[in-house]
Amino acid sequence: MRNFKLSVALLLFLGLSGLQAQERIPEVEELLEKMTLEEKIGQLNLLTPGGGVATGAVVSEDVETKIKAGNVGGVFGVSSPEKVRQAQEIAVKNSRLGIPLLIGSDIIHGYKTTYPIPLGLSSSWDLELIKEGAQMAAKEATADGINWNFSPMVDIARDPRWGRIAEGAGEDPYLGSQIAKAMVEGYQGEDLTQPSTMMATVKHMALYGAPEAGRDYNTVDMSRLKMFNEYLPPYKAAVDAGVGSVMTSFNDIDGIPASGNKWLLTDLLRERWGFGGFVVSDYTSVNEMIAHGMGDLQDVSAMAINAGLDMDMVGEGFLTTLKKSVEEGKVSEEQITKAARRILEAKHKLGLLNDPYLYSDESRPEKDILTDENRSLARKAATRSFVLLKKHENTLPLAKDANIALIGPLANNKNNMLGTWAPTGNTELSIPVLEGLENVAPDAEVTYAKGANIADDSTFAKKVNVFGKRIEIDERTPEAMLKEAVEVANNSDVVVAVVGEASEMSGEAASRTDITIPDSQKKLINKLVATGKPVVLVLMSGRPLDISEEMALPVSILQAWHPGVEAGNAVADVLFGDYNPSGKLTNSWPRSVGQVPIHYRMKTTGRPGPESGEFQKFKTNYLDSPNSPLLPFGFGLSYTTFEYSDIKASADSLNADGSIQLSARVTNTGNYDGEEIVQLYTHDLVRSVTPPGKELKGFQKIFLKKGESKTVSFTITPEDLKFYNSQIEYVFEPGEFEFFIAGSSDGRFENSFELKE
Ligand code: BGC
């Protein structure tokens, strides 16, 4: 009876403090009972025997011996059912307690069937498609033995200098949260013990996307208000969706590195958000706290475990120092037991404690990996990720029997189609654009010329080429290449120039201070335009670029990101109009790097910049540039056109427990059927903390035949109008809200409603 009362009291306490009351799992508790301190510490150790991408200076040694000794909880960089079975056998048959391993991997945008980089896929605003992509990745990866994925990366990013902007879903916390949820649901499915699902990891907790000066791994310094309102929502959405693990970030938060930050990992993540899974460090991020100035390896390891970090990736600070810290009273055994419990619980959730070989079915790779079905999903995903940035005259779509000059360093290139962070993909399987055009339009006459190198600077190329020949410098002189390209262009009806960035010009440790198209390619573009032929630029990049100069040219521009294994087919589908492009940017594209960080959710300030964009002294603006971006968040064209009318609210006001419908009539006024992403933005006119000038509150992707109209309606409740106030309470406040519904974030507010108490 006493125990019963106690546990009721405990549950109540846990409930009150926001913690998820977790049931103890008998199998896990039995194991913990048997474990020595060393074995518990062993579970907290994550190693990579090589074969993956070593992003730090360290690669693990003697992995097999350590597994046998019970010193390893998980490995990554190991794949194939056979190899995973071997690894599990070493753990199960040779270590004292026979605990199976977590088998991790970075499956960022597809496993072997690589689909577009995440920033590209986010431009589809298609949650179902994003979820399907994650499901497909899980099916392929688990067929190859992997049970734990280091994705989704949900870091909000507003600075295109930062190379890892490619890996996320852009600048907006609302859209970012929806995408985070879709990805977690896609990877994990309904039941993690199903062998076609894998555990997801939301990363990098937290604020990793806001490094000062856009330089990867740099310091982050941010107010709590900004964190909660703008940067933390996607991590929270992943936690709410039941993500199994959380990865810390390399940066510090309020002066304390994330991997040792108790406020972040315990007070916020576990107590406030009720996260019940486990927390893994990033690659050697515990050890890196030494360089951050937090002490020696023993100090930083103790700091990390005491903060709430459960698993140490590669650095082995936990393995080599925690026992000593327990003996010296710096870490309690209880803290280590808690962390080991969380790792074992993850193994239980995955079904590994019942069957260590659940993910080692030799018959699966052939059935599940790189199937036609998967490749066609990757192709579909790529077409939905493309954003038409500029239409010049009626060049697009192209006729299927056109005489096309296909030019550019990315036009017949396999090495750069997959994009950054595709270590499990195989560049050789990529469809180059040249092949795609031939596949989709066999009657077209296509002549190819490279025209330019991605960049001419060999020192720069060397830095980009760490994972393969992304930038290949031609033996011919730039002049000779240009000459050939101009000749080919002169003999064509239309020029398609595939230009932009090599894969690893974005991604980890790939920040740029200059985000324009490299000079070698700019010269090429100008020469092609000078031929007077119609020119279409197919732009590939892992970040928003500064394309101010190209936007001013008489060209059409299709942003294709790095499209994945089906690149060429997807580009051809869109260029020839088999799919009418519908993507919308998920970052604001700046006029110049001088505007960054830039995003649409900026506050008005006390001295709002003039709406006309004309300079006014003593207002917030620049002497040499308008405030507005070159291309706003939410922007993207179609071969057809859409008109918005009848934008209205169903009532003048809503109550605290009520709801209101905000709607618009959308009409396809152009000559093609097409999809449109209809977006709702609100502006809270008066609130206790300064509001953003506008906030995305909803979106819907609709299909309209030419001439067709539809009414699109959004239901808004006070819950949707909440924000964090200066006490970091999540509240709504009564008052007036303006809103608009449009095809991009640069619409005008013309309507409003009131939220009543
Ligand atoms: C990256 C992580 C990744 C890890 C393991 C790190 O350098 O920051 O995103 O999951 O390496 O490969």
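Residues numbered from 1 in each chain as written. Predicted model: local features only at pLDDT ≥ 70, side-chain atom pairs only at ≥ 80, totals over all residues. Heavy atoms only, no water.

So, on to the packing of helix H20 (residues 478-490) against helix H21 (residues 519-530). Look at H20 against H21: their axes get within 10 Å of each other, and the N-to-C directions meet at 30°. Considering the angle they form, H20 stands roughly parallel to H21. Seen from above, H20 lies across H21 with right-handed handedness. Taking contact as the criterion, the partners of Leu482, Ala485, Val486 and Ala489 in H20 are, on H21, Lys523, Leu524, Lys527 and Leu528. Across the contact of H20 with H21, the residue classes break down as 6 nonpolar, no polar and 2 charged. (Axes fitted to C-alpha atoms, helices over the stretch in contact; angles between N-to-C directions. Helix = DSSP H or I, 4+ residues; strand = E, 2+ residues; numbered from the N terminus. Parallel < 35°, antiparallel > 145°, perpendicular 65-115°, else oblique. Left-handed = near helix turned anticlockwise from the far one by under 90°. Contact = heavy atoms within 4.5 Å. Nonpolar A, V, L, I, M, F, W, Y, C, P; charged D, E, K, R; others polar.)

It is worth spelling out the sheet that holds strand S19 (residues 660-668) at this point. Working definition: the strands of a sheet are paired by backbone hydrogen bonds and lie parallel or antiparallel to each other. Taken in spatial order, the 3 strands line up as S17-S19-S22 in an open sheet, and their pairing is antiparallel. Because the sheet does not close on itself, it has two edges, and the strands there are strand S17 (642-649) and strand S22 (709-716). On average, each strand axis in the sheet is tilted by 20° relative to the strand beside it, whichever way the strands run. Strand direction decides the pairing type here: S17 and S19, joined by 6 bridges, are antiparallel. (Pairing = 2+ DSSP bridges.)

Once that is clear, we can look at the packing of aromatic side chains. Inspection of the entire model under this criterion finds 21 aromatic pairs. Ring geometry for Tyr724 versus Tyr730: centroids 4.7 Å apart, planes at 35°, classification tilted. Using a relative accessible area of 11% as the deciding quantity, one classes Tyr724 as buried. Taking relative accessible area as the criterion, Tyr730 reaches 40% and is therefore assigned partly exposed. With a centroid separation of 5.5 Å and an interplanar angle of 5°, the aromatic rings of Phe737 and Phe753 are classed as stacked. With Phe737 in strand S25 (residues 735-742) and Phe753 in strand S26 (residues 751-755), this pair connects stretches of sequence that are 16 residues apart. (Phe/Tyr/Trp six-rings, centres within 6.5 Å; stacked < 30°, edge-to-face > 60°. Buried < 20%, exposed > 50% of the residue type's maximum accessible area, 1.4 Å probe, protein only.)

Here the focus is the sheet that holds strand S4 (residues 148-149). Pairing in this open sheet of 5 strands is parallel, and the strands run S4-S3-S2-S1-S10 from one edge to the other. In the strand order of this sheet, the two ends are held by S4 and strand S10 (312-313), each with one partner. By the bridge criterion, 2 bridges tie strand S1 (residues 45-47) to S10 in an arrangement that is parallel. Residue pairing across strands places Leu46 opposite Met313, the latter belonging to S10.

A few words on the UniProt feature "domain: Fibronectin type III-like" (unreviewed entry) in the protein chain. Listed under "domain: Fibronectin type III-like" (unreviewed entry) in the UniProt record, and renumbered for this structure, are residues 676-745. Across residues 676-745, helical content stands at 0% and strand content at 56%; the span's end C-alpha atoms are separated by 14 Å. (UniProt positions renumbered as here; feature names shortened; annotations may be inferred.)

To continue, consider helix H13 (residues 297-307). Residue pairs three or four apart in sequence face the same way in an α-helix, which turns once every 3.6 residues. When H13 is considered as a whole, its buried residues turn out to be Gln298, Val300, Ser301, Ala302, Ala304, Ile305 and Ala307. Lining the buried residues of H13 we find helix H11 (262-272), helix H12 (288-292), helix H14 (317-327) and helix H15 (333-349). With its phi angle positive at about 120°, Gly308 sits one or two positions after the end of H13.

This part covers a negative patch on the surface. Together, Asp456, Asp457, Glu479, Asp514 and Asp519 make up a negatively charged patch on the protein surface. When you line up the elements, Asp514 lands in the loop between strand S14 (494-500) and H21. Among the residues examined, Asp514 registers a relative accessible area of 42% and is labelled partly exposed. (Patch = residues over 30% accessible without salt bridge, like charges linked within 9 Å, V, L, I, M, F, W, Y side chains within 5 Å. Areas by Shrake-Rupley, 256 points an atom, 1.4 Å probe, with all protein chains shown as cover. Salt bridge = Lys/Arg side-chain N within 4 Å of Asp/Glu carboxyl O. Lys, Arg positive; Asp, Glu negative; His and termini not counted. Charge placed at Lys NZ, Arg CZ, Asp CG, Glu CD.)

Moving on: the pattern of salt bridges. Tallying each qualifying case throughout the model produces 47 salt bridges. In this structure, Lys236 engages Asp240 in a salt bridge whose closest nitrogen and oxygen atoms are separated by 2.9 Å. Linking Lys236 with Asp240, this pair stays in helix H10 (residues 233-240), spanning 4 residues, or about one helical turn. A salt bridge links Asp368 to Arg364, with the shortest nitrogen-to-oxygen separation between them at 2.8 Å. In this pair, Asp368 and Arg364 both sit in helix H16 (residues 364-368), 4 residues apart, roughly one turn of the helix. Salt bridges sharing common partners tie together Asp172, Arg601, Asp684, Arg687, Glu695 and Lys697.

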